[in-house]
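Coordinate analysis (summary)
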Amino acid sequence: MTQAELKLCSLLLREYFGDIVEAIGTFLIRSGPQPLRLIAADTGLLLDQVKKALCVLIQHNLVGYQVQKRGLVEYEARCRRVLRILRYPRYIYTAKSLYGDTGELLVEELLLNGHMSMSALVRKVADRLTETMEDGKTMDYSEVANTFVCLVDTHFVQRCPLVPEGLDTPEVPPPPAPTLVLNEKDMYTVPRLNLVGKGKRRRSCEEEDGEHQAKKQKQDGGSTEPPPDDGIYWQVNIDRFHQHFRDQAIVSAVANRMDQTSSEIVRTMLRMSEVTTSSYAPYTQPLSSNEIFRSLPAGYNIGKQVLDQYLTLLADDPLEFVGKARDSGGGMFTVSPGIPGHGHPGVHRGGEVRLPLCPDLPVAPAQEVPGAEASGGFCHDPGEGSQGHALQNALGEPGGPAGDSQNSRPRSLPHLLPVHRERAGRSAHAAAPLLQERGQPHGAPPV
């Protein structure tokens, strides 16, 4: 890690968590894994202060721990995770664009608290939404819970690892630190909760009667049962947000290089594999041309033979965003998110994989304009500074025709989630000359 990155991590920790947490985090970044006693001795802080600071950092997934062979627990800072704090506003804005105000507040609360249970998160967000509504209107818990389920189903939110049950036995002494485990099948499984209620407004008299409220809560605390999802916590899946940004950049690059129809085909392929392919996978799962044809947006007037020609053009393109894995079933195609020539994966026309995917693929930010929340997509400007031109400049590739050359207005490129029905508007057939060279049949439907 460079000195500039280390200084940036220190400033971020101080701004968000205070001086004590910043001192502990900076020390761990500089010195590497260290045990608790040594952290307290070298930083000059009290042992209790060090423990609380480590709890905060672990809560936000900024520090991890590991039990060594001799039973000593060492704590290690996650520097890259600290730098991701800079992207928190973009994560929140993306959730707002896809799921409205409810999705925005759900992601914001999870980022502010590190991880929370579903029941506590739904109540907190419902209360915040009720505060912004007109008098007499409230937000139902069920509406917030439905949005939370959508975030989990699309993998933007995932479960946190848990301590396995059955470890507290008198015969076996407890380990120095628990080992957190998580079954992959349960990572995106939402427990069935009967959350009935509505958001509550904060009354002005509560501040004056603070002691009375605290006393009442203390009296009721003995008889209150734990929530049904007690011990199940959720966190933001940052890798999924990065995958979403990367997919947007790929669709924009294909639209700039070829035309809108090509970008719609790639968008469909990415949408089909967005939750079935790992964020770090070098390429998506192979999809047959028949599957792609059936998954195209309803009303998109494109024939099967024209689709096959488009897929062939995309597979032969030097950018290699689309690769042909094998010829069975009319051809099996994949999408490779890497940049050829820059050490990232690319599926060759023979189906070979170059290198593992780099998790920190640089993505140029999409241009966000007013009204994107309502349309559920980002507004893409095909002019200078667009995502496709950024990738073309990095590759040294000349920019190809991007849709209708007579219409230079920004185009709305919808996101890759299937929960929205916004579709990209069709543009002029910019790939017509290429299709004619490959023998497009006479009378083929326009695309």
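For the structure, see preceding data.
Report follows, based on the coordinates. None of the values given here were measured: they were computed from a predicted structure. (Residues numbered from 1 in each chain as written. Predicted model: local features only at pLDDT ≥ 70, side-chain atom pairs only at ≥ 80, totals over all residues. Heavy atoms only, no water.)

Time to look at the overall build of the chain. When helices and strands are counted, the chain shows 17 helices and 10 strands. Within the chain, the fraction of its 447 residues that count as buried is 44%. The long-range share in the chain, meaning contacts at least 24 apart out of those at least 6 apart in sequence, stands at 67%. Of the roughly 23,500 Å² that the chain leaves accessible, carbon and sulfur atoms contribute 50%. (Helix = DSSP H or I, 4+ residues; strand = E, 2+ residues; numbered from the N terminus. Buried < 20%, exposed > 50% of the residue type's maximum accessible area, 1.4 Å probe, protein only. Contact = heavy atoms within 4.5 Å. Areas by Shrake-Rupley, 256 points an atom, 1.4 Å probe, with all protein chains shown as cover.)

The next point concerns the side chain of Thr26. Relative to the helices and strands, Thr26 is located in helix H2 (residues 19–31). For Thr26, a relative accessible area of 10% puts it in the buried group. Contact partners of Thr26, with chain neighbours within four places excluded, come to Leu6, Ser10 and Leu13.

Glancing now at helix H11 (residues 238–257). Taking 1.5 Å of rise per residue, the 20 residues of H11 would be expected to cover 28 Å, and the 29 Å separating its terminal C-alpha atoms lies within 8% of that figure. Counting buried residues along H11, 19 of its 20 residues qualify, which places the element largely inside the surrounding structure. (Expected span 1.5 Å × (residues − 1).)

Here we come to the sheet that holds strand S2 (residues 63–67). Within the open sheet, the 3 strands sit side by side as S1-S3-S2. Their pairing is antiparallel. The sheet is open, and its two borders are formed by strand S1 (34–35) and S2, each paired with just one other strand. Relative to strand S3 (residues 73–77), S2 runs antiparallel, the two sharing 5 bridges. Opposite Val63, over in S3, you have Ala77 as the bridge partner. Across the sheet, helix H4 (residues 47–59) lies against S2 and S3, angled at about 105 degrees from S2, the strand it touches most. (Pairing = 2+ DSSP bridges. Axes fitted to C-alpha atoms, helices over the stretch in contact; angles between N-to-C directions.)

Judged by nonpolar contacts, the single largest core of 61 residues is most densely connected at Leu28 and Leu54. Sorting elements by how many residues they give to this core places helix H6 (residues 88–113) first, with 11 residues. Among all residues touching Leu28, those that are not within four sequence positions of it are Gln34, Ile39, Leu54, Val63, Tyr75 and Ala77. In terms of nonpolar packing, the next biggest core, distinct from the first, is built from 26 residues, Ala253, Leu296, Tyr310 and Phe333 among them. (Core = buried A, V, L, I, M, F, W, Y, C linked by side-chain atoms within 4.5 Å.)

For the rest of this paragraph, the subject is unusual backbone geometry. A positive phi angle, near 60 degrees, is found at Asn61, a position not held by glycine. Not every positive phi belongs to a glycine, and His155 is a case in point at roughly 70 degrees. Turning to its location among the elements, His155 is positioned in the loop between helix H8 (141–153) and strand S4 (157–159). The buried category is assigned to His155, whose relative accessible area is 16%.

Before going further, it helps to examine the layout of surface pockets. Remark: the empty space left among the atoms is shown by a probe the size of a water molecule rolled over them. Estimates place the volume of the largest pocket at around 1,200 Å³. Surrounding the largest pocket, 47 residues form its lining, Asn61, Arg78, Gln158, Pro161 and Gln235 being those nearest its centre. For the lining of the largest pocket, the elements supplying multiple residues, two or more each, are H4, S2, helix H5 (79–83), H6, strand S5 (234–236) and H11. (1 Å grid on protein atoms, 1.4 Å probe; cavity = no way out; pocket = protein on both sides within 12 Å on 5 of 7 lines; lining within 4 Å. Points joined across faces, edges and corners; volume = space filled by probe spheres on them.)

With that settled, consider the pairing of strand S8 (residues 332–335). Put simply, side chains in a regular strand alternate between the two faces of the sheet. What you see with S8 is no split at all: Met332 and Thr334 on one side and Phe333 and Val335 on the other are buried throughout. Looking at chain direction, strand S6 (residues 287–288) and S8 are connected through 2 bridges and run antiparallel. Of the residues in S8, the one forming a bridge with Ser288 is Met332. Where strand S7 (residues 322–326) lies against S8, 4 bridges are found, and the strand directions are antiparallel. Residue pairing across strands places Val322 opposite Val335, the latter belonging to S8.

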